[in-house]
Amino acid sequence: MIQRILGRKYLRLMGVIGTCFFLGNAGCVYAQQIELGASVGAFNYKGDISPAFNPRFFRPGGSLFFRYNVSRSVSFRAEGLLGSITADDQYAKEAFQQARNLSFRTRISEVALLTEYNFLNYEDRRFAFNWTPYVFGGVGYMGFKPSPKTEGYPTRGLVIPFGVGVKYQIHRPWSVGLEFGTRKTFTDNLDNLGERLSTNRLEQGNPALKDMYYYLGLSLTYTFYRITCPE
């Protein structure tokens, strides 16, 4: 009797597995909650030495991130970035900046917690064109090391990251993405000009305008799938 019961249960289990194998998405649900990824890209800066966005000042950077998909529309992301920013007065059009003739290079590291919102129904389907644009925002903490550094100002602080992106599943479980994000900071010292006090106006920045930096990245993501089959 026990052998017969176990035999029936075994056959039912094998039938479910077979259904999952042959029917794919039609018979099973592929839970795709966890993703790990990395990106390579470039940092840029806006501040006293570069008052407007200038593609000339792009410098390499990269990131590692963990994404948790709460639903098809909303995801949470934890990310770490590393890179550098730079700018130089010699490329400015204004005579004042050319006379000032200052430059800097600052290394930046950042950790952030972000929320993403997908505009399209980004779900895993075997034969679907699976992609979506999205927006993101959150809060982060950065450290920076400017060169030169002429004052004893703090080199850590909060940042507010926000931006837009698009992601596309090239082949399960791999996806690619392109993202552009802005980091609003609460410091004017990324370019070593915010805290400088001098009787010479050429050696001062504008402390009323806080520095910002940007990150443009191309990412590759691996999704961990959990297959749930019908009973």
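Just above sits the structure.
Keep in mind it's a predicted model, so treat the numbers as computed, not measured.

A look at unusual backbone geometry
Across the junction of Ser147 and Pro148, the peptide omega takes the value 5 degrees, indicating a cis bond. Mapped onto the fold, Pro148 is located in the loop between strand 5 (131–147) and strand 6 (156–171). With an omega dihedral of 10 degrees, the bond running from Arg172 to Pro173 counts as a cis peptide bond. Its location among the elements puts Pro173 in the loop between strand 6 and strand 7 (174–185). The phi dihedral of Asn101 falls on the positive side, at around 55 degrees, and the residue is not glycine. Relative to the elements of secondary structure, Asn101 occurs in the loop between helix 2 (95–100) and strand 4 (103–118).

Side note on empty space enclosed by the protein
Throughout the structure, instances matching the rule amount to one cavity of 30 Å³ or more. Reported here for the largest cavity is a volume of approximately 170 Å³. What lines the largest cavity is a set of 19 residues, among which Phe65, Arg67, Tyr134, Glu179 and Ser219 lie closest to the centre. When contributions to the lining of the largest cavity are tallied by element, the ones reaching two or more residues are strand 1 (29–46), strand 2 (59–69), strand 3 (74–88), strand 7 and strand 8 (212–228). The element that contributes the greatest number of residues to the lining of the largest cavity is strand 7, accounting for five residues. Classifying every residue of the lining of the largest cavity gives six nonpolar, seven polar and six charged.

Rules and cut-offs
Residues numbered from 1 in each chain as written. Predicted model: local features only at pLDDT ≥ 70, side-chain atom pairs only at ≥ 80, totals over all residues. Heavy atoms only, no water. Helix = DSSP H or I, 4+ residues; strand = E, 2+ residues; numbered from the N terminus. 1 Å grid on protein atoms, 1.4 Å probe; cavity = no way out; pocket = protein on both sides within 12 Å on 5 of 7 lines; lining within 4 Å. Points joined across faces, edges and corners; volume = space filled by probe spheres on them. Nonpolar A, V, L, I, M, F, W, Y, C, P; charged D, E, K, R; others polar.

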